[in-house]
Amino acid sequence: MNQVWSEAEKQFVRDSAGKLTDEAGAIELSKVCGRVVTVNAWRKQRQKMGIKKNPGRGVCSVRQERETECDSSS
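Every residue gets a number counted from 1 within its own chain, in the order that chain's sequence is written. Note on the predicted model: pLDDT of at least 70 is required for a residue's local features to be given, and 80 or more for side-chain atom pairs to be given and counted; whole-chain, interface and lining totals, by contrast, use all residues. With hydrogens and water stripped out, all remaining heavy atoms of the structure feed into the side-chain values.

Chemist: Is there a simple way to explain helix α2 (residues 22–33) in this structure?
Modeler: An α-helix turns once per 3.6 residues; consequently, residues spaced three or four apart project the same way. Its 12 residues place the ends of α2 16 Å apart at the C-alpha level, agreeing with the 16 Å of an ideal helix rising 1.5 Å per residue. Whether a residue is buried, partly exposed or exposed follows from its accessible area with a 1.4 Å probe, protein chains only, as a fraction of its type maximum: under 20%, in between, or over 50%, in that order. By the criteria applied, helices consist of DSSP H or I runs no shorter than four residues and strands consist of E runs no shorter than two, each listed in order from the N terminus. Among the residues of α2, D22, G25, A26 and L29 are the ones counted as buried. Along α2, the residues classed as buried sweep out an arc of 100° about the axis, all on the same side. Of the residues in α2, the exposed ones pointing more than 90 degrees away from the buried face are E23 and K31. In the segment just after α2, G34 is the residue with positive phi, at about 85°. To estimate the expected span of a helix, subtract one from its residue number and multiply by 1.5 Å. Our arc is simply the arc of the directions from the helix axis toward the C-beta atoms.

What follows is the structure in structure tokens.
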């Protein structure tokens, strides 16, 4: 059965996503919250919150979305 993520756990993901890899984040959250959090659960929750990471092994940076405005005047 799926666990419901508390707001504190979600905030931990928001704060740590730019500093930790998904694997390290899952391990740290498991230590903090006292339940086993898998890498897949961490990754899925991060993606559901709209946090995208830059591609590459061991890359901890978060992708910044650029907002572009299309000027469609006719």
